[in-house]
Amino acid sequence: MKLTKKLAKNLLKKMCLIRAFEEQADKSYMEGKVHGTIHVSIGQEASSVGSISALNPDDYILSTHRGHGHSLAKGADPKLMMAELFGKEAGYCHGRGGSMHIADIAGGNLGANGVVGGGNPMAVGVGLAIKMRKQNQVVLCFFGDGAFANGAFHESMQLVVRFELPVIYICENNQYAMSFPTGDEKTSEQLAESGEYYGMPGIAVDGNDVLAVRKVVQEAVDRARTGDGPSLIITDTYRRKAHSRSDRDAYRDKKEVKEWEAKDPILRFKKLVTDDDLLTEEEIDNIAQQANTSVEEARLFAEEAPEPALETIEDGVYAP
Amino acid sequence: MTTREIRYLEAVREAMIQEMEQDETIFLIGEDIGAYGGAFQVTHGMMEKFGPERILDTPITEMGITGAAVGSAMLSMRPIAEIMFMDFVTLASEQLVNQAAKIRFMFGGNATVPMVLRTPAGSGVGGSAQHSQSLENWFVHIPGLKVVMPSTPYDAKGLLIASIRDDNPVVYVEHKLLYKMKGAVPEESYTIPLGSADVKREGRDLTIVATSIMVKRSLDAAEQLAAEGIEVEVIDPRTLKPLDTETIIQSVIKSGRLLIVHEAAKTGGFGSEICSVIAESEAFGYLDAPIVRLAGRDIPIPYNRNLEYHAVPQVEDIVEKACDLVKARI
Ligand SMILES: Cc1ncc(C[n+]2csc(CCOP(=O)(O)OP(=O)(O)O)c2C)c(N)n1
């Protein structure tokens, strides 16, 4: 797989957009404009962008509570996302869902999820529907290392194998599930081994290397499309920020955080494309600048968008 | 007794610490209850105090956590399981509903399950649809389970100690917005018997039966209503099961008017049970007006701040309903 200038630009654009979006979301949260809590994926951009870059536009994803990156990588409009974080009517969920529940059904994002492992069983159904309707699509189901321990993960693995479904499970191993140190207990390679146990390929990949992620996901997608069934991929990465806005982050070594900062996926990719003479410094700066501009536009849009009308509070629970 | 002001979450913690100090069979199990201190800091410092043998930090395994409590309780341990948000009791409910609740009866009384499952319910912190539910009435419906819902720091401590010492599975429902509430709590250990309601304020014009956060809101409403000459009696059942029906019946006989306030969705909520208790009791004949239920709307909790606020009863809603009710006639 050759890295073209166009692809390099696209991957970098998405990663920069996600970073800028989440830094702004964090700021807006601190200013009291975003309610509840948010979970940012700063440092994990290569995992979402690399994976989703292997999809066609009509493929599907299922996302997690840490889902801004998945959403943007799948092509969501930052304006509608920011408006959702601000709880506005113009947001993806009309202000009903918030950060943890962003869904862009038309764009193939079947939803972030507030329940750890909540998407894994649903992926079975998405895979089934694709197969029953004889479509040539696939679904990427993202989940965290924390979901590995949960029954939902194991039941789903059995079913996708049994029905030979076009489902790719992507575990983003960012080493921690809140304070639980998955990374101390099991390496990504060890987690990947469970794929073999259930009867599917299990592959661990450097989750901060966007091209490496893209490559293994592309191979899994190709297998799924040609009827060769599901795969399990573990992207080895790191949650650089606290779990959420309510986490004091008292359980990990600051040195460890620093070490991972040095492995920043965006810096790494920038270095690669400049070393290979694919993009100039100026082109890279332009990309970062564009990301900042669209996030600033999104913020303004979200600030100015109207609140949901109180009279509509009971609408939408049931289909008519 | 030496009494001082502490917060609700500190009262919950103190109950656990004091019980653990005098009963070695008690242990805690749950997600992020160790170094993290629990998602709401309820178990803060307990790992340092009791160590990993008695503070069992787990991966994300709600059914496993609950099962660990059930099984160990059958062998006379006294586990306290923490489920981080009440929404996730959905995942724990197999072990709780099919196993814990049934074991004593189904095995002919040959085994008991002395466990507590602690969990925070409620909206008001922007948790949106999957982190804000109040599901207590599901468990009220299950014979074999007890359901406790403290509304003050004092009650939180006394009821938790009673729950730990109880030989049955107890679902102990905390409220996220109450965690920081301060109140007078004795330093010494004490219990509040499960099945005893508390009259939080006396009054003759109207009875309000409220649970959890709605007790505080009803008391605030009662204060405003008193300024308008309406004397409200506020009753907190404190335990939904067993339910102290007598205190509620006597109050309704006295006031002739009943307003029930809870946060959970109205349809099939605990208010329906209180309504039925009164309808079936001698108090029915004393009613001067139809019973009114003020509860959460029949919608998932929305994210938007304003919608979230209006999804469940607030002080002004209680004042308004109470004013209507004192004027109403059968
Ligand atoms: C079933 C369930 N249990 C507990 C939680 C609370 N919770 C939210 S995120 C989280 C940690 C998730 O860790 P992981 O899956 O590794 O994802 P990460 O947050 O690290 O991205 C926990 C325990 C939840 N949302 N769902």
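This text follows the structure it describes.
Cut-offs used in this document
- Residues numbered from 1 in each chain as written.
- Chains lettered and ligands numbered in written order.
- Predicted model: local features only at pLDDT ≥ 70, side-chain atom pairs only at ≥ 80, totals over all residues.
- Heavy atoms only, no water.
- Near = heavy atom within 4 Å.
- Polar contact = N/O pair within 3.5 Å; in protein donor to acceptor, adjacent residues only side chain to side chain.
- Nonpolar A, V, L, I, M, F, W, Y, C, P; charged D, E, K, R; others polar.
- Pairing = 2+ DSSP bridges.
- Helix = DSSP H or I, 4+ residues; strand = E, 2+ residues; numbered from the N terminus.
- Axes fitted to C-alpha atoms, helices over the stretch in contact; angles between N-to-C directions.
- Contact = heavy atoms within 4.5 Å.
- Salt bridge = Lys/Arg side-chain N within 4 Å of Asp/Glu carboxyl O.
- Buried < 20%, exposed > 50% of the residue type's maximum accessible area, 1.4 Å probe, protein only.
- Parallel < 35°, antiparallel > 145°, perpendicular 65-115°, else oblique.
- Left-handed = near helix turned anticlockwise from the far one by under 90°.
- Buried area = accessible area lost by both parts, 1.4 Å probe.

Enquirer: Report on the site of the ligand, specifying residues and quantitative values.
Expert: Of all residues adjacent to the ligand, which total 21 residues, the nearest are His65, Arg66, Gly146 and Tyr176 of chain A together with Glu62 of chain B. What surrounds the ligand is not a single chain but chains A and B. Measuring from an oxygen atom of the ligand, one finds a side-chain N or O atom of Asp145 of chain A at 3.2 Å. Here an oxygen atom of the ligand and a side-chain polar atom of Asn174 of chain A are 2.9 Å apart. Of the residues belonging to the shell around the ligand, the class tally is 10 nonpolar, seven polar and four charged.

Enquirer: Explain the sheet that holds strand S4 (residues 202-206) of chain A to me, using residue names and the numbers behind them.
Expert: All names here are of chain A. Across the sheet, which stays open at both edges, the five strands sit in the order S1-S2-S3-S5-S4 with parallel pairing between neighbours. Pairing within the sheet leaves two strands with one partner each, and these edge strands are strand S1 (60-62) and S4. Along the sheet, successive strands turn relative to each other by an average axial angle of 20°, direction set aside. Two elements, strand S3 (residues 167-173) and strand S5 (residues 231-236), share six bridges in a ladder whose sense is parallel. Among the inter-strand pairings, Asn173 is bridged to a residue of S5, identified as Asp236. Packed on one face of the sheet, helix H2 (residues 45-52) meets S1, strand S2 (139-144), S3 and S5 and runs near 165° to S2.

Enquirer: Residues and numbers for the pattern of salt bridges, please.
Expert: Tallying each qualifying case throughout the model produces 38 salt bridges over all chains. Between Asp166 of chain B and Lys146 of chain B there is a salt bridge, with the nearest N and O atoms lying 2.8 Å from each other. Separated by 20 residues along the polypeptide, Asp166 of chain B in the loop between helix H6 (153-165) and strand S7 (170-175) and Lys146 of chain B in strand S6 (residues 146-148) bring together distant segments of the chain. A single burial state applies to Asp166 of chain B and to Lys146 of chain B, both of which are buried. As a salt-bridge pair, Asp205 of chain B and Arg204 of chain B come within 3.2 Å of each other at their nearest N and O atoms. The exposure class of Arg204 of chain B is exposed, given its relative accessible area of 54%. Counted as one network, the salt bridges with shared partners bring together Glu31, Lys33, Glu296, Arg299 and Glu303 of chain A.

Enquirer: Explain unusual backbone geometry residue by residue, including any values.
Expert: Residues and elements named next belong to chain B. Here the residue pair Lys241 and Pro242 is connected by a cis peptide bond, since its omega of 0° sits within 30 degrees of zero. Residue position: Pro242 is located in the loop between strand S12 (239-241) and helix H8 (245-255). Although it is not a glycine, Gln41 sits at a positive phi angle of roughly 70°. Tracing the backbone shows Gln41 in the loop between strand S2 (26-31) and helix H2 (46-50). Backbone geometry places Ser212, a non-glycine residue, at a positive phi of 50°. Secondary-structure assignment places Ser212 in the loop between strand S10 (206-210) and helix H7 (213-227). Judged by its relative accessible area of 3%, Ser212 falls in the buried class.

Enquirer: Lay out the environment of Asp276 of chain A in plain terms, naming residues and giving numbers.
Expert: All names here are of chain A. Note that Asp276 resides in the loop between helix H11 (265-275) and helix H12 (281-304). With a relative accessible area of 49%, Asp276 lands in the partly exposed category. Note: C-alpha distance between Asp276 and Leu3 (273 residues apart in sequence) is 9.8 Å.

Enquirer: Describe the sheet that holds S10 of chain B, and please don't skip the residues or the numbers.
Expert: Residue and element names in this part refer to chain B. Spatially, S9-S11-S10-S13-S14 is the arrangement adopted by the five strands of the open sheet, whose pairing is mixed. Either end of the sheet is taken by a strand with one partner, and the two such strands are strand S9 (198-201) and strand S14 (292-296). Averaged over all pairs of adjacent strands, the angle between their axes in this sheet comes to 25°, without regard to strand direction.

Enquirer: If you had to explain the packing of helix H1 (residues 5-30) of chain A against H2 of chain A to someone new, which residues and values would you point to?
Expert: Residue and element names in this part refer to chain A. Where H1 meets H2, the closest approach of the two axes is 10 Å, and the angle between their N-to-C directions is 140°. Taken together, the axis directions place H1 and H2 in an arrangement best described as oblique. The handedness of the crossing between H1 and H2 is right-handed. Touching Leu11, Lys14, Met15, Ile18 and Arg19 of H1 are Glu45, Ala46, Ser48 and Val49, all from H2. In terms of residue class, the contact of H1 with H2 is made up of five nonpolar, one polar and three charged.

Enquirer: Describe the interface of chain B and chain A, naming the residues involved and giving the relevant values.
Expert: Tallying the contact residues gives 36 residues for chain B and 37 residues for chain A. Of the roughly 2,900 Å² buried between chain B and chain A on both sides combined, carbon and sulfur atoms contribute 60%. Contact with chain A buries surface across chain B, with Tyr36, Ile60 and Tyr303 of chain B losing the most and accounting together for 27% of the total. Note that Glu314 of chain A is salt-bridged to Arg297 of chain B, the shortest N-O span being 2.9 Å. Secondary structure elements with two or more residues in the side of chain B that touches chain A: strand S3 (55-58) and helix H10 (305-311) of chain B. Top contributing element to the side of chain B that touches chain A by residue count: H10 of chain B, with six residues.

Read these as spatial facts, not as claims about activity.
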